[in-house]
Amino acid sequence: MSRRAQIAMSEQEVFEFLDSQMLGVFGSIGPDGAPHLVHMGFMVEDREIVVSSFAAAQKIRNLERSDKASFLVETSWPYAEIRGVMLTGETRIVRDTETVIDVTTRMRERHRAMSGSDEGTPEIDIARHAPKRVVVYLTPGRIRSWDHRRLGGSY
């Protein structure tokens, strides 16, 4: 069995891992064709990555040109315990204010519950900002995963 096959997670493990994390790196294609990467809070809903953003943000402008995106979530240390998931696929932008309020509220509640406090989470009047925001759904076309713990410390 190849090392790659040995460290790959099952689909269930992938989504359990994603559900245990709050932050990831969202990648879109910038106007110059180079990757545009941003660190973002997220949640998983119906096996899609869900993020919220200001509509005027560069990543949204990028998605308006090309709906292709990637998302990376990784625990990066120590090396023997690295786990990660990278998803690539197509996105859809939802501009509906009620959806923005609902998703943003649920995401904030999830992140507060996971962190155990409000510390580090800036206060925001979600309803007031919602008309300027969007929700982005990334539907994975390809999922890559790795869990170095399966190697038992040998490489």
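Basis of the calculations
Residues numbered from 1 in each chain as written. Predicted model: local features only at pLDDT ≥ 70, side-chain atom pairs only at ≥ 80, totals over all residues. Heavy atoms only, no water. Helix = DSSP H or I, 4+ residues; strand = E, 2+ residues; numbered from the N terminus. Rg over C-alpha atoms; globule rule 2.2 N^0.38 Å. Contact = heavy atoms within 4.5 Å. Areas by Shrake-Rupley, 256 points an atom, 1.4 Å probe, with all protein chains shown as cover. Lys, Arg positive; Asp, Glu negative; His and termini not counted. Charge placed at Lys NZ, Arg CZ, Asp CG, Glu CD. Expected span 1.5 Å × (residues − 1). Buried < 20%, exposed > 50% of the residue type's maximum accessible area, 1.4 Å probe, protein only. Arc of directions from axis to C-beta. Pairing = 2+ DSSP bridges. Phe/Tyr/Trp six-rings, centres within 6.5 Å; stacked < 30°, edge-to-face > 60°. Lys NZ or Arg CZ within 6 Å of the ring centre and 35° of its normal.

### What to know about the overall build of the chain
Counting secondary structure elements, the chain contains five helices and seven strands. Reading the secondary structure of the chain in the N-to-C direction produces α-α-β-β-β-β-α-β-β-α-α-β. For a compact globule of 155 residues, the expected C-alpha radius of gyration is about 15 Å, and the chain comes in at 17 Å, within 12% of that figure. Across its three principal axes, the chain shows a C-alpha extent of roughly 50 × 40 × 25 Å. Residue pairs at least 24 apart in sequence account for 72% of intrachain contacts in the chain once pairs closer than 6 positions are excluded. For the chain, the exposed surface amounts to about 8700 Å²; the carbon and sulfur share of it is 51%. Across the chain, 21 positive and 22 negative side-chain charges occur, with their mean positions spaced 5 Å apart.

### Re helix α4 (residues 97-115)
Spanning 19 residues, α4 covers 27 Å between terminal C-alpha atoms, matching the ideal 27 Å at 1.5 Å per step. Within α4, burial applies to V100, V103, T104, M107, R108, R110 and H111. One side of α4 holds all its buried residues, which, seen down the axis, span an arc of 160°. Among the exposed residues of α4, those oriented more than 90 degrees off its buried face are E98 and A113. Directly beyond the C-terminal end of α4, a positive phi value near 80° is found at G116.

### Description of the pairing of strand β7 (residues 133-147)
Bridge count between strand β4 (residues 48-54) and β7: six bridges; the pairing is antiparallel. From the neighbouring strand, F54 faces β7, where its bridge partner is R133.

### Focus: the packing of aromatic side chains
In the structure shown here, the tally under the stated rule is two aromatic pairs. Geometrically, the ring pair formed by F42 and F71 is edge-to-face, given 5.0 Å between the ring centres and 65° between the ring planes. Highlighted residues: F42 in the loop between β2 (35-41) and β3 (43-45) and F71 in strand β5 (residues 68-75), separated in sequence by 29 residues. Judged by relative accessible area, which is 0%, F71 ranks as buried. Taking the ring centre of Y137 as reference, the NZ or CZ of R92 above it sits at 4.3 Å. The ring of F42 is capped by R110, whose NZ or CZ atom sits 5.7 Å from the centre of that ring.

The values reported here are purely geometric and, on their own, carry no functional implication.
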